[in-house]
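# Structural characterization, general
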Amino acid sequence: MADDLFKNQMLDQIPVPVMAVDQNRVITYINQAGQDLLGLPAGEIYGKVCAEVFGTEHCGTESCCMQKAITQGKLFTARNVVAAKGLKIPVEYTAVPLYGADSKIIGGLEYFVDITDRVQYEDRLREQNFTIRQMSTPTIKLWEGVLVLPIVGVIDSMRAQNMMETMLQRITETSAKVIILDIQGVAAVDTAVANHLIKITKATRLMGCQCIISGISPAVAQTIVQLGIEMADFSTKANLSDALSAAFDQLNLTVIKRPRT
């Protein structure tokens, strides 16, 4: 008895919540950190099924790490949200099987860590990445029915996918008939980049919008030829001015220079 008391006192020194349950997931122990997280004394926790106390979205489902640890005899880790003291606290919890003297599973042991700061940081990071992606794909309405997407820097798979999504969304919003993909700011083109451009061009065609690629530098043109990339089916122009003139031709528009009055 004194030995069990000593062990409990040791577990109470651990700064993260630790909980033990039997095979029916009835709570048989929870340390002081766990009581503090829930805002409940041990007397109101012991003897209850853990789902009654925590009530998370994993409780009673196949996602429950504790249930999997008891039935499969393995360690499982997952993220979850604990409702405690009127708050929803994001946690990362780990469950392991608890063995008896005869080496049979008699329950499970679980510890969980409050990851509020980590989740907030990840949310901020996602927002920043979204803002950066939006800034890197500034689709501009250049004329009625004409959009232009200037590209600067490196095109990878993620950026290419974001470019395609942004372009298609803007085509839908503006009913554009021509979109100019200006790659003057792209220093190098390889097979992967060329394939991304081809996919983007095909996707815009499916939306009933013609895509003109402008700003192909001599170095990029030479690379495309050396790589054997076939772009004969796509409209290309040396610069944005030529691309805009081509867009006006496709829309049957004429720019008339009026004399100053």
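Above this note sits the structure.
Scoring rules and cut-offs
Residues numbered from 1 in each chain as written. Predicted model: local features only at pLDDT ≥ 70, side-chain atom pairs only at ≥ 80, totals over all residues. Heavy atoms only, no water. Core = buried A, V, L, I, M, F, W, Y, C linked by side-chain atoms within 4.5 Å. Buried < 20%, exposed > 50% of the residue type's maximum accessible area, 1.4 Å probe, protein only. Helix = DSSP H or I, 4+ residues; strand = E, 2+ residues; numbered from the N terminus. Disulfide = S-S within 2.5 Å. Phe/Tyr/Trp six-rings, centres within 6.5 Å; stacked < 30°, edge-to-face > 60°. Patch = residues over 30% accessible without salt bridge, like charges linked within 9 Å, V, L, I, M, F, W, Y side chains within 5 Å. Areas by Shrake-Rupley, 256 points an atom, 1.4 Å probe, with all protein chains shown as cover. Salt bridge = Lys/Arg side-chain N within 4 Å of Asp/Glu carboxyl O. 1 Å grid on protein atoms, 1.4 Å probe; cavity = no way out; pocket = protein on both sides within 12 Å on 5 of 7 lines; lining within 4 Å. Points joined across faces, edges and corners; volume = space filled by probe spheres on them. Nonpolar A, V, L, I, M, F, W, Y, C, P; charged D, E, K, R; others polar. Pairing = 2+ DSSP bridges. Axes fitted to C-alpha atoms, helices over the stretch in contact; angles between N-to-C directions. Parallel < 35°, antiparallel > 145°, perpendicular 65-115°, else oblique. Left-handed = near helix turned anticlockwise from the far one by under 90°. Contact = heavy atoms within 4.5 Å.

## Things to note about the nonpolar core
Within the largest apolar cluster, 29 residues are counted, with the highest numbers of intra-cluster contacts made by Ile151, Ile155, Met163, Leu181, Ile183, Val189 and Leu197. Looking at this core, the element that brings in the most residues is helix 7 (residues 191-206), giving six residues. The next biggest cluster of nonpolar side chains, apart from the first, holds 23 residues, and it includes Val53, Ala69, Ile70 and Ile89.

## A look at the state of the cysteines
According to the stated counting rule, one finds zero disulfides in the structure shown. In this structure cysteine 209 is a free cysteine whose sulfur lies 7.4 Å from that of cysteine 211, the closest cysteine sulfur available. Owing to a relative accessible area of 0%, cysteine 209 belongs among the buried residues under this scheme.

## A closer look at the packing of aromatic side chains
With the rule as written, the count across this model stands at two aromatic pairs. Their ring planes at 85° and their centres at 5.5 Å tell us that phenylalanine 54 and phenylalanine 112 sit as a pair that is edge-to-face. Of this pair, phenylalanine 54 sits in helix 3 (residues 50-54) while phenylalanine 112 sits in strand 5 (residues 105-114), and the two are 58 residues apart along the sequence. In this structure phenylalanine 54 comes out as buried when scored by relative accessible area, which is 8%. For phenylalanine 112, a relative accessible area of 2% corresponds to the buried category. Seen from their ring centres, tryptophan 143 and phenylalanine 248 are 5.0 Å apart, and the 70° between their planes marks the pair as edge-to-face. Taken together, the positions of tryptophan 143 in strand 6 (residues 140-143) and phenylalanine 248 in helix 9 (residues 240-250) put the pair 105 residues apart, joining distant regions of the chain.

## Observations regarding a nonpolar patch on the surface
Taken together, Leu142, Trp143, Leu240 and Leu253 make up a surface patch of nonpolar side chains, about 330 Å² in accessible area. By the element assignment, leucine 240 lies in helix 9.

## Regarding the environment of glutamate 122
Assignment of secondary structure puts glutamate 122 in helix 5 (residues 116-136). Its relative accessible area of 23% is what places glutamate 122 among the partly exposed residues.

## Focus on empty space enclosed by the protein
In this approach the atoms are scanned with a rolling probe the size of a water molecule, which exposes any empty space left behind. The final tally for this structure, using the stated rule, is one cavity of 30 Å³ or more. Quantified by volume, the largest cavity comes out at close to 160 Å³. Of all the elements in the fold, those that place two or more residues in the lining of the largest cavity are helix 3, strand 3 (76-84), strand 4 (87-99) and strand 5. The residue inventory of the lining of the largest cavity, partitioned by class, reads 10 nonpolar, three polar and one charged.

## Section: the sheet that holds strand 7 (residues 146-152)
Strand order in the open sheet made by the five strands is 6-7-8-9-10, with mixed pairing throughout. Edge strands, defined here as strands with exactly one partner in the open sheet, are strand 6 and strand 10 (235-237). Each adjacent strand pair in this sheet contributes to an overall mean axis angle of 30°, direction not counted. In terms of strand pairing, strand 6 meets strand 7 through three bridges, oriented antiparallel.

## What to know about the pattern of salt bridges
What the rule picks out here adds up to four salt bridges. A salt bridge links glutamate 144 to lysine 141; its shortest N-O distance comes to 3.3 Å. The exposure class of glutamate 144 is exposed, given its relative accessible area of 56%. In this structure lysine 141 comes out as partly exposed when scored by relative accessible area, which is 40%.

## Topic: unusual backbone geometry
For arginine 25, which is not glycine, the phi torsion reads 65° and is therefore positive. Under the relative-accessibility criterion, arginine 25 is labelled partly exposed at 24%. Backbone geometry places serine 103, a non-glycine residue, at a positive phi of 65°. Mapped onto the fold, serine 103 is located in the loop between strand 4 and strand 5.

## A short note on the packing of helix 6 (residues 157-174) against helix 7
For the pair helix 6 and helix 7, the least separation of the axes is 10 Å and the interaxial angle reads 20°. In terms of axis orientation, helix 6 runs roughly parallel to helix 7. The chirality of how helix 6 crosses helix 7 is right-handed. Across the interface between the two elements, Ser157, Ala160, Met163, Met164, Met167, Leu168 and Ile171 from helix 6 touch His196, Lys199, Ile200, Ala203 and Thr204 from helix 7.

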